[in-house]
Each structure stands twice: as structure tokens, then as C-alpha cells.
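Geometric and topological summary
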Amino acid sequence: MNILILGSGGREHTFAYKIAQSKNCSKLFVAPGNAGTSKIASNVAIKVTDFEAIKEFVLKERMEMLIVGPEDPLVQGIQDYFEKDEQLKNVMVIGPSKRGALLEGSKERAKEFMALYKIPTAAYQSFTAESLDAGKQFLETLKPPYVLKADGLAAGKGVLILNDIEEARTELENMLTHSKFGEAGSTVVIEEFLDGVELSVFVLTDGENYLTLPTAKDYKRIGEGNTGLNTGGMGAISPVPFADEVFMKKIEDRIVKPTVEGIKKEKITYKGFIFIGLIKVGEEPYVIEYNVRMGDPETEVVLPRIKSDLVEVFKKTSEGKLNEVNLEIEEQSAATVMLVSGGYPEAYEKGKVITGLENIEDSLVFHAGTSEENGTVKTNGGRVIAVTSFGEDYKQALKKSYQNVEKLHFDKMYFRKDLGFDLS
Ligand code: AMP
Ligand code: GLY
């Protein structure tokens, strides 16, 4: 089968790594890809949201499967674009329809969906510029900290958690009447703060059946001890040690099943991933958010633990036969450490030469933001490289990754040295 992956991060390199191993994969392309994907697949210089260029390429190179990495093309309706096109409709698309993608594309929609199907989540109300005063009054009824969320996609920056009510009022006004997050913030969800520890559960569904994939926990903050600004993710581990059988059963019964049932009931075309961001409060799971794609860097620890042939699994997804699949999962733990450019998630420089890649032993290297010029690999983004290892437990896996990280270098390279600190 000829396969095209959309995206250019560590997530997409990991997809390419797994798919390139499949006996069912003939030609593999990544658009636009990075220096890592170019070693195992062919990169094509097409933007992930340029549907017409994607169509042209898919037809010219006879692609039979499209795997969508990031959320943008999904929220913009790439699945619908393929389904409605006579020439593209037989291409298998891994990723939900535009209606499905709204679970990530609109926080208000996600909250309404959860309320309708009685899925546990923080209490909330949503507001627009017209209801600004009601929003301010609603804040008065809550205890700090105050959680304000821009409704639309805001590249992971649309959530504010504020301790001071005065500041919460001001920020609500900034979002609703001064376009703080642009169009994304024209509706704001205000919700109850939940105090607990976060984890992620990944589900692959064909819209009817589903498979629960290994759990993962990522580290979002730039600074050690979970301090400083939010990033895309500074590292991850899988499985999550505290997600035991009893807790996972609660998640399955109260969250995963009703989510898939809701999708089915609303006749939403959904052949793809549901990434459920959760928080454990006491012993109970609550949904923080849905994403309609895999996580990054969670993919770098979840996919390497799946031993089954991924192309086979995706084919069954597309055919609506996921009930025929039994996933084989690696027992060992996996951990990944993300190397980032100095300054990230604020301003940083690109084009730094990366050395030491050839010295890595017994770990997997996934490129996140890299490019290659005349055989030299250079930094090309905030998150640069993820180093993934296996071990008996997350500590062993992390140890191996950290040993290999020591062999890598680029100017102003930074990484968190305390991953897993909150788990023992
Ligand atoms: P989101 O974009 O909805 O995932 O929110 C980003 C981050 O904000 C989450 O990963 C949590 O750390 C935090 N967060 C979001 N909602 C809440 C909440 N209701 N209570 C506590 N923390 C939250
Ligand atoms: N690591 C979080 C995300 O992919 O959204």
C-alpha cells in the first residue's frame, strides 16, 4: 500500500518509523516531514492544510492511505474533502470528519458533548462579548484559581489559570472584547479548577468499535518541577504507573465507552484517534480535553510499545472492522526526553548543527524540528529531537534516554532533567 503521512514533528517521525516496518507498506511519503523522516520515507514539500496540492500528489503518486498527524487539517475538514471527491473517496483517511474534529476545535462543543453523554468533567459555562457581564458574575461564584479557555484552536496557548479574580475579570474582557486570542477567543469557557494529577488515554476508533492504546503522561511545562511556561511537551512516559486496572476500568466505563457511543449516536464519521486528556482527582477520572489526533511527544512512547502491524490496524479502522483487531503491546515501559532550542517556548534560533546522532546506542531518535543541508542535520524548530528508550519501568527507560542525551549536542540545547519526578 502507498501511504502519505501529513505533518513534520516527532509524532510523524514515529508514525513513519512504525509504518516503514510494515510488510503492507510499499511507498511511504511524509508531507512536509523533517530530516528524520527523510531517512526512512520520502519527504514532499506540501503544507498540511493545502488540500489541493495534497490531492494532486495523492492522485499522481497513487496514494492509498492518508494519515493525518496534526489537528489543523482535520478541523479544516480534510476527511470530508477526500470523502466528497470522486477521485479521492477510496483513499483511506485516518482522522475524523470535520464534525468529529470539533471535539478539539471547539471547547464549548466538547463541554456540551460531555454534558449530554454524562462524561465527568469540570463544571463550566461559556460566554461571548454580549454576555461579558454574566461571565464576570459567574467568576464571583467560583473559588480560585479561575480557569479561562478560548473556545477555538489557539496552538495550545488558549488556556489561562489565574489566582486573582481581578486578573480573571480583566483577562476575560481581553479575550472577549479585545481579541486576545483572535477569533479563537470570541467564545470563552470558564470552568471549575480541578486539582489532581494528569494523564492521557488514547483511543483508536472506527466510529463503532474502539481499541484503547497504552496510557501516557507528558510533561508540558518548560521548567523543572513543572514550572514556567507551557510547551508542546518536554517528554513523556508510558504506561502511567498510577493508572492501575481499577482506575482504567473507571475511565473505560465512564469516559471511553460513552464518548464512542456519543459519536455513534450522532452519526459522526470518525476513523481515527481520540486523545483524552484526563485529570485524576482523588481516585476519580475527569476529562480536561479531547484532541482528535495523537499527542506529541506521547506518540513517541505509545507507538513504539505497539507491536502489531500498524498498517493492518489502520486498514481495519478504515473498513470499520476494529473489532477484529487484538493489539499486541510491549510489556516494557517507554520514556522519551525532548531536546529543545534555548529560549523555547518563546523566541529561539534555528539552524544550529546537531552532533552525536551516530553515537546513540539502544535508544530511538525521533526528529521533531530538524532539517538537513548537505548531509548536516540542523535545528529547525523549538522542539528538536526526542530520545525514546525502553526499560523494566519508567525509571530505567528514562535513565537510558538521559545517557544517550549526553551524547547529543547543539548550541543552546535544553532539556528537562527531572522527568518522572512526581511519580515516585
Ligand atoms: P487544555 O488545553 O484544555 O488541555 O488545558 C491546558 C492545561 O491547563 C491542561 O493540561 C491542564 O494542566 C490545565 N487545565 C485545564 N483545565 C483545567 C481545569 N479545569 N482544572 C485544572 N487544570 C486545568
Ligand atoms: N503533548 C500534548 C499534545 O500533543 O497536545
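Treat the numbers as computed from the prediction; the structure is a model and nothing was measured.

What counts and what doesn't
- Residues numbered from 1 in each chain as written.
- Chains lettered and ligands numbered in written order.
- Predicted model: local features only at pLDDT ≥ 70, side-chain atom pairs only at ≥ 80, totals over all residues.
- Heavy atoms only, no water.
- Pairing = 2+ DSSP bridges.
- Helix = DSSP H or I, 4+ residues; strand = E, 2+ residues; numbered from the N terminus.
- Near = heavy atom within 4 Å.
- Polar contact = N/O pair within 3.5 Å; in protein donor to acceptor, adjacent residues only side chain to side chain.
- Areas by Shrake-Rupley, 256 points an atom, 1.4 Å probe, with all protein chains shown as cover.
- 1 Å grid on protein atoms, 1.4 Å probe; cavity = no way out; pocket = protein on both sides within 12 Å on 5 of 7 lines; lining within 4 Å.
- Points joined across faces, edges and corners; volume = space filled by probe spheres on them.
- Buried < 20%, exposed > 50% of the residue type's maximum accessible area, 1.4 Å probe, protein only.
- Contact = heavy atoms within 4.5 Å.
- Axes fitted to C-alpha atoms, helices over the stretch in contact; angles between N-to-C directions.
- Expected span 1.5 Å × (residues − 1).
- Phe/Tyr/Trp six-rings, centres within 6.5 Å; stacked < 30°, edge-to-face > 60°.

1. Overview of the sheet that holds strand β4 (residues 65-68)
One open sheet accounts for five strands, arranged β3-β2-β1-β4-β5; its pairing is parallel. The two strands at the open ends of the sheet, each matched to only one other strand, are β3 (42-43) and β5 (92-94).

2. Structural notes on the site of ligand 1
Close to ligand 1 lie 14 residues; E191, E192, L194, E198 and E289 are nearest. Within the side chain of K149, a nitrogen or oxygen atom sits 3.0 Å from a nitrogen atom of ligand 1. Summarising the interface, the protein chains cover 89% of the accessible area of ligand 1, which totals 470 Å² for the free molecule. For the shell around ligand 1, the secondary-structure elements that each account for two or more residues are β7 (146-150), β8 (159-162) and β17 (284-291).

3. Quick notes on the layout of surface pockets
Of the volumes computed, that of the second largest pocket is approximately 280 Å³. If you trace the second largest pocket, you find 13 residues lining it, with H13, G36, K39, V365 and H367 closest to the centre. Listed by contribution, the elements that provide at least two residues to the lining of the second largest pocket are α1 (10-20), α2 (37-40) and β19 (364-367). When residues in the lining of the second largest pocket are grouped by element, the largest group, four residues, is from β19.

4. Some points on the side chain of K352
Along the chain, K352 falls in the loop between β18 (333-341) and β19. With relative accessibility at 15%, the residue K352 sits in the buried group. When sequence neighbours within four positions are dropped, the list of residues in contact with K352 reads V377, K378, T379, F410, D411 and K412.

5. Details of the pairing of β19
The side-chain alternation of β19 yields two buried faces, one formed by L364 and F366 and the other by V365 and H367. Pairing of β19 with strand β22 (residues 383-391) involves four bridges; the strand directions are antiparallel. By the bridge assignment for β22, L364 is matched with T388.

6. Some words on the sheet that holds strand β10 (residues 197-205)
Across the sheet, which stays open at both edges, the four strands sit in the order β11-β10-β16-β17 with antiparallel pairing between neighbours. In this open sheet, the two edge strands, each paired with only one partner strand, are β11 (210-212) and β17. Here the average twist between neighbouring strands, direction ignored, is 30 degrees. Pairing analysis gives three bridges linking β10 to β11, with the strands arranged antiparallel. Counterpart to V203 in the pairing with β11 is T212.

7. What about helix α9 (residues 165-177)?
For α9, with 13 residues, the first-to-last C-alpha span of 18 Å sits near the 18 Å given by 1.5 Å per residue. Contacts made by the buried residues of α9 are with β6 (124-128), α8 (132-140), β7, β8 and β9 (187-191).

8. Structural notes on the packing of aromatic side chains
Within this structure, the stated rule accounts for 13 aromatic pairs. Ring centres of F15 and F314 lie 6.2 Å apart, and the angle between their planes is 40 degrees; this geometry places the pair in the tilted category. Taken together, the residues F15 in helix α1 and F314 in helix α12 (residues 310-319) connect sequence positions 299 residues apart. Grouping residues by exposure puts F15 and F314 together as buried. Between the aromatic rings of Y17 and F366, the centroid separation amounts to 5.4 Å while the plane-to-plane angle is 70 degrees, which identifies the pairing as edge-to-face. One end of the pair, Y17, is in helix α1; the other, F366, is in strand β19, and 349 residues separate them in sequence. Judged by its relative accessible area of 25%, Y17 is partly exposed. Among the aromatic residues, those joined into a cluster by ring pairs are F15, F273 and F314.

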